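Notes for the structure review
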There are 2 protein chains.
Amino acid sequence: MMRRDRFLLVATLTAVFSADLYFILLPKLQSMRQTWGHSCTCDSNNLSLPRLEGLATPQLSNWTYVPLLDGTAAYEPAEGDAKLEKLFAHPLYNIQTPVLGPEGRLLQTEQLIEYYRKKVSRWERHMKFYNEAAAVANITVTKHEMIYDPDASWLKFHLGINRFALYSRDDLSIVQLLKDMQNMTIVSADYTQDEKALKGACDCTQVVKPSGHHLKLALKMRNFAKVMFKPMRQQRDEETPEDFFYFVDFQRHNAEIAAFHLDRILDFRRVPPVAGRRVNITGEVLQVAHSEDLRAVFFTSPANNTCFFAKCLYVCKTEYAVCGSPDLLEGSLSAYLPGLSIAPRLSIPNPWTRSYTFAGREEWEVNPFYCDTIKQLYPYNSGNRLLNIIDMSIFDFLIGNMDRHHYEIFTKFGDEGFLLHLDNARGFGKHTRDEMSILAPLSQCCMIKRSTLLRLQLLAQSEFRLSDVMRESLKGDPLWPVLTEPHLLALDRRLQKVLRVVQRCIRRLGDDEVITKDFIKPTARPTATEMKKVR
Amino acid sequence: MMRRDRFLLVATLTAVFSADLYFILLPKLQSMRQTWGHSCTCDSNNLSLPRLEGLATPQLSNWTYVPLLDGTAAYEPAEGDAKLEKLFAHPLYNIQTPVLGPEGRLLQTEQLIEYYRKKVSRWERHMKFYNEAAAVANITVTKHEMIYDPDASWLKFHLGINRFALYSRDDLSIVQLLKDMQNMTIVSADYTQDEKALKGACDCTQVVKPSGHHLKLALKMRNFAKVMFKPMRQQRDEETPEDFFYFVDFQRHNAEIAAFHLDRILDFRRVPPVAGRRVNITGEVLQVAHSEDLRAVFFTSPANNTCFFAKCLYVCKTEYAVCGSPDLLEGSLSAYLPGLSIAPRLSIPNPWTRSYTFAGREEWEVNPFYCDTIKQLYPYNSGNRLLNIIDMSIFDFLIGNMDRHHYEIFTKFGDEGFLLHLDNARGFGKHTRDEMSILAPLSQCCMIKRSTLLRLQLLAQSEFRLSDVMRESLKGDPLWPVLTEPHLLALDRRLQKVLRVVQRCIRRLGDDEVITKDFIKPTARPTATEMKKVR
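Residues numbered from 1 in each chain as written. Chains lettered and ligands numbered in written order. Predicted model: local features only at pLDDT ≥ 70, side-chain atom pairs only at ≥ 80, totals over all residues. Heavy atoms only, no water.

Overview of the overall build of chain A
Applied cut-off: Only DSSP runs of H or I covering at least 4 residues are called helices, and only runs of E covering at least 2 are called strands; the numbering of each starts at the N terminus. Note on exposure labels: buried denotes an accessible area under 20% of the residue type's maximum, exposed denotes more than 50%, and partly exposed covers the range between, all computed with a 1.4 Å probe on protein chains only. By the convention used here, residues are in contact when the closest approach between their heavy atoms is within 4.5 Å. Surface accessibility in these figures is a Shrake-Rupley result with a 1.4 Å probe; residues are shielded only by whichever protein chains are displayed.
Looking only at helices and strands, one finds 19 helices and 14 strands in chain A. The buried share among the 535 residues of chain A stands at 55%. Looking at chain A alone, contacts between residues at least 24 apart form 77% of all its contacts between residues at least 6 apart. Put simply, chain A shows about 23900 Å² of open surface, and 56% of that area lies on carbon and sulfur atoms.

In structure tokens:
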């Protein structure tokens, strides 16, 4: 008993000391360094490297920290606008994943090439029939030359998906994919599969049916890349009205774009690539729409703009229409994941889902010990699943997304696979509001991956400030500025709030209890309250 | 033949002289007077009275000009803010209608009192059953003491409806009715009859189904007055988006209020009284709603405001909801007309209706001789009907209402009855836009009642300026300012445009052809083009 007490005491002291070091001494040192930096800039470069290297090098069991061999990309903090490069050069962003065997990759090359070939022949068959039908019906269709390209960026993106993330940090095909989505010729437009399944009918007895849902379209590029197009429905400076429930909020194309950039900056890489684009909805949508249903929803507005409205019957009104100016319309293009036939996914209800009713409350909203229950339940009782949920809640809190009712995983990677952060269009609705309840998984479970925490702390430093790296990252998008300044600055404020929640947990439970070494620490361990009960 | 020619010559010369007097000499005189006024104010009052009296006294066959007996109300132009009083004291606004026999009134006193008694007993029966049912279902209902008042303002309004207008200029019960609507206790709230007929279903195959339609409610006051409540859905400074079709535009409560004031200022008196009111949608709607269906659409928003949404299934979403702050919500209250059982009305398609489709065009939009066709058709081939349509088009042009698909008349007054200008909530959408096509009946038929023209000319004078009298009139409403300044100023600009259209007609066809003596000149006479053909 004495030995155990002594052990606990040492653990507590270590935790307190670590916390002190991280949260008190370090910021002080840093602010001092900044003050010095102003009067004497020559030392700053030398100062920061060892300091950060010494403190922030993660001790992650399955991950190996490999100093970069290529000297040019080595970590070297730069001034001014180059914070993003500096961030991605930081050791924390250069932890190498273990070598991947076939089991570590979502798809094998042969399998995907076979899938691509089938796509091509299906398209050719479709076009043959369609052109005949169009000739009979006297419909003019824009025809584009298709290309079969085994080096297509979307193919490489699909091949790069592995058990750790959707893409690797240094994957150049992602950069190419973003460029292709921004520029490549669009050869066809259609409703998405979700839409087709509805067949134009909607269940309107469900008051809380998500809105705006039905304005998204599936576009195909000339190299057979498939993207989901969400048109702009809200101006950048428009805030979500305060009386809106999260489930009726607009879907924002810019939120989709910004969420991809944020996810990459947080090094999660769980959001498929998203690019902004000004789409010509006449030439690039209407004239390449093969479905009569889709063509029928296009019209010319009183202001002579081309518009289209949602197909679903209950949104059969032009109030829901979006219009080009006169044809150009901003939108987000999200890369499709590999088809479910070759890469099946599971959609799992989020344990911290909200009540999609006007007055209902879910258990987590009323029971402060909800996490203890969840920790006992499969699949949250072992492995990383709960920590992944907490990562997701941090991501959602930063973007202000309250609409995470489900999450998806690839069946292939089993319960240890990462969670996909799909459908982020309801983020960035109100820059003034920090919805603390989104952080419930973190604040109720009081645990966080060490790697996540270290990156959050890094992004809270003025050297890498989250808003600055986001601003810089978004400059690469044609729809820059994707977010208004208040939304960017809200990220910094929210990041501080995440760190404060972690701090409070550490104060209450100790460093070791809260900060979990990724990939080793099991999540199903008695909580502090339970331990007290045992004593 | 000679005699007829000489008569025509004299008529033409008179017309030219009158036009010259009205449009050239008078404005010159007036601007000179204004210049003098600045250096010498003492004469202004004396100058204007004889001038206006001498020129503007209308020579309307069935109407008799009776100078006011009451000296205090006699016409005497005042300075500054009292333009409205001055306007209503003007001789043009003091033409007496002929003495009305029973046939001239819509309802007889006994008939209405009997109707009122039936209402009261129906209410008592309803409340008896309802209270029993509520007790069983454990529903708390606010109960209000009802009053049976044979002197109620709404009763007097109904009794005052006659073959010339909905109310007389000097009817004090209208003032009382506005006050009652603004202040009287609301004892019940329900869907309107239109709504009930729909039974919650909507025909969504009709893409162009008017929107917002379904947020209106019928409210009952404690003296059994019934009003239609249209809640605020758009901020005063919000303009209708340029891509909206007229048929999907919002309904604006402030447009309803402003339209009533404008109609009264134009001396049409064809819009039932409308007052603004801040309604407590919890205490004055939810808690007095006896219909379970209606109570079910109420909810509390994330910002803790009380809200309700439309019942119709295709608008079953909170995007359509309106919310109080936290309970108070602005709205327009329009007095109900007498029930159809005692005062049946006909709803007649407007010959100048628009195509309620995205691309369709109606004949009047493409055929410049459309009016010639209409003039041959019953009931537009005789009497005042076409002139009434033209009055209505001027009214709609001034408010910018493109949504006049039907008009109503009281069956009792037959084809010579006035047209009701009901449902004006789609006016005042865009202050920047003057939709000239609304004036098609005027510009295509090139005719106007002399009495209407004289009043329009009066309102174009700086002494009475339409925007000034409107601003003043709206000051009486609790929701003042009902219209923003740009909307008020648009009225002046549009009035000028109406007068220019009349001027162009006169230049083309002559005064006598265009300006029609009310109640005598038949409308079915050969047009100028036809006359040319004859010669």
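Regarding the pattern of salt bridges
Note that side chains of opposite charge can pair when their charged atoms are close. The criterion, for reference: Each reported salt bridge corresponds to a side-chain nitrogen of Lys or Arg within 4 Å of a carboxyl oxygen of Asp or Glu.
With the rule as written, the count across this model stands at 52 salt bridges over all chains. Between Arg-426 of chain A and Asp-403 of chain A there is a salt bridge whose closest N-O contact spans 2.8 Å. Taken together, the residues span a long stretch of sequence, with Arg-426 of chain A in the loop between β12 (406-410) and α14 (440-445) and Asp-403 of chain A in the loop between α13 (385-399) and β12 at a distance of 23 residues. Taking relative accessible area as the criterion, Asp-403 of chain A reaches 14% and is therefore assigned buried. Asp-267 of chain B is paired through a salt bridge with Arg-169 of chain B; the nearest N and O atoms lie 2.8 Å apart.

Digging into the state of the cysteines
Residues and elements named next belong to chain B. Operational definition: Counting rule for disulfides: a pair of cysteine sulfur atoms within 2.5 Å.
Taken as a whole, this structure holds 6 disulfides over all chains when the rule is applied. In this model, Cys-446 is linked to Cys-505 through a disulfide, with the two sulfur atoms separated by 1.9 Å. On the S-S bond that ties Cys-446 to Cys-505, the torsion sits near -80 degrees, and the link is left-handed. Here Cys-446 is found in the loop between α14 (440-445) and β13 (448-449), whereas its partner Cys-505 is found in helix α17 (residues 485-509), with 59 residues between them in sequence. Here Cys-446 falls in the buried class, since its relative accessible area comes to 3%.

Overview of the side chain of Arg-270 of chain A
All names here are of chain A. Applicable threshold: Here a polar contact is recorded for every N or O atom pair within 3.5 Å, except that within protein the pair must consist of a potential hydrogen donor and a potential acceptor, and residues adjacent in sequence are included only if both atoms are side-chain atoms.
The topology assignment puts Arg-270 in the loop between α8 (253-265) and β6 (274-280). The class of Arg-270 is buried, set by a relative accessible area of 7%. In this structure the side chain of Arg-270 is engaged in a polar contact, spanning 3.1 Å, whose partner is the side chain of Asp-391. Sequence-distant contacts of Arg-270, that is, excluding residues within four places in its chain, are made with Leu-166, Asp-263, Asp-391, Phe-418, Leu-419, Leu-420, His-421 and Lys-449.

Concerning the pairing of strand β3 (residues 186-191) of chain B
Residues and elements named next belong to chain B. Our working rule: Only strands joined by at least two bridges in the DSSP assignment are considered to pair.
Here β3 lies mainly inside the structure; 5 of its 6 residues are buried. Two strands pair when backbone bridges link them, and β3 and strand β4 (residues 217-221) are joined in this way by 5 bridges, in the antiparallel orientation. Within the sheet, the bridge partner assigned to Tyr-191 lies in β4 and is Leu-217.

Let's talk about a negative patch on the surface
Selection criterion: To count toward a patch, a residue needs a relative accessible area above 30% and no salt bridge. Like charges then connect within 9 Å, nonpolar side chains (Val, Leu, Ile, Met, Phe, Trp, Tyr) within 5 Å. We score Asp and Glu as negative and Lys and Arg as positive, and we do not count His or the chain ends. Where a charge sits is defined by one atom per residue type, namely NZ (Lys), CZ (Arg), CG (Asp) or CD (Glu).
On the surface, Asp-237 and Glu-238 of chain A together with Asp-237 and Glu-238 of chain B cluster together to form a negatively charged patch. Within the secondary structure, Asp-237 of chain A is located in the loop between β5 (226-231) and α8. According to the relative accessible area criterion, Asp-237 of chain A is exposed, its value standing at 64%.

Remarks on the packing of α8 of chain A against helix α16 (residues 466-474) of chain A
Residue and element names in this part refer to chain A. In plain terms, the rule: For helices, the fitted line uses only the C-alpha atoms of the stretch in contact; every axis is such a line through C-alpha atoms, and the angle between N-to-C directions lies from 0 to 180 degrees. When describing relative orientation, an angle under 35 degrees is termed roughly parallel and one over 145 degrees roughly antiparallel, while 65 to 115 degrees is termed roughly perpendicular and anything else oblique. For a crossing to be left-handed, the near helix must be turned anticlockwise from the far one by less than a right angle; the clockwise case is right-handed. Side-chain classes follow a simple rule in which Ala, Val, Leu, Ile, Met, Phe, Trp, Tyr, Cys and Pro form the nonpolar group, Asp, Glu, Lys and Arg form the charged group, and the remainder, Gly included, forms the polar group.
Where α8 contacts α16, the two axes come as close as 10 Å, and the packing angle between them is 120 degrees. Considering their axes alone, α8 and α16 lie oblique with respect to each other. Classified by chirality, the crossing of α16 by α8 is right-handed. Across the interface between the two elements, Ile-257, Ala-258, His-261, Leu-262, Arg-264 and Ile-265 from α8 touch Leu-466, Val-469, Met-470, Ser-473 and Leu-474 from α16. A class-by-class count of the residues in the contact of α8 with α16 yields 8 nonpolar, 2 polar and 1 charged.

Comments concerning the sheet that holds strand β3 (residues 186-191) of chain A
Residue and element names in this part refer to chain A. Pairing within the open sheet is antiparallel, and its 5 strands lie in the order β3-β4-β5-β10-β6. With partners counted over all chains shown, the strands left at the sheet margins are β3 and β6, one partner each. Neighbour-to-neighbour, the strand axes of this sheet turn through a mean angle of 35 degrees, independent of strand direction.

A closer look at the packing of aromatic side chains
Residues and elements named next belong to chain A. Put simply, the test is: Side-chain rings of Phe, Tyr and Trp (the six-membered ring for Trp) are treated as a pair once their centres are within 6.5 Å; stacked means planes under 30 degrees apart, edge-to-face means over 60, and tilted covers the remaining angles.
If you walk through the whole model with that rule in mind, you get 24 aromatic pairs over all chains. Arranged with centres 5.8 Å apart and planes meeting at 70 degrees, the rings of Tyr-116 and Phe-224 form a pair that is edge-to-face. With a gap of 108 residues between them, Tyr-116 in helix α4 (residues 109-137) and Phe-224 in the loop between β4 (217-221) and β5 connect regions that are remote in the sequence. As far as the burial class goes, Tyr-116 and Phe-224 line up, both buried. A centroid spacing of 6.2 Å and a plane angle of 50 degrees characterise the contact between Tyr-167 and Phe-260, whose relative ring orientation is tilted. One end of the pair, Tyr-167, is in the loop between α5 (153-160) and α6 (172-183); the other, Phe-260, is in helix α8, with 93 residues separating them in the sequence. Of the two residues examined, Tyr-167 and Phe-260, each falls in the buried class. An aromatic cluster is built from Tyr-116, Trp-123, Tyr-148, Trp-154 and Phe-224, whose rings are joined through pairwise contacts.

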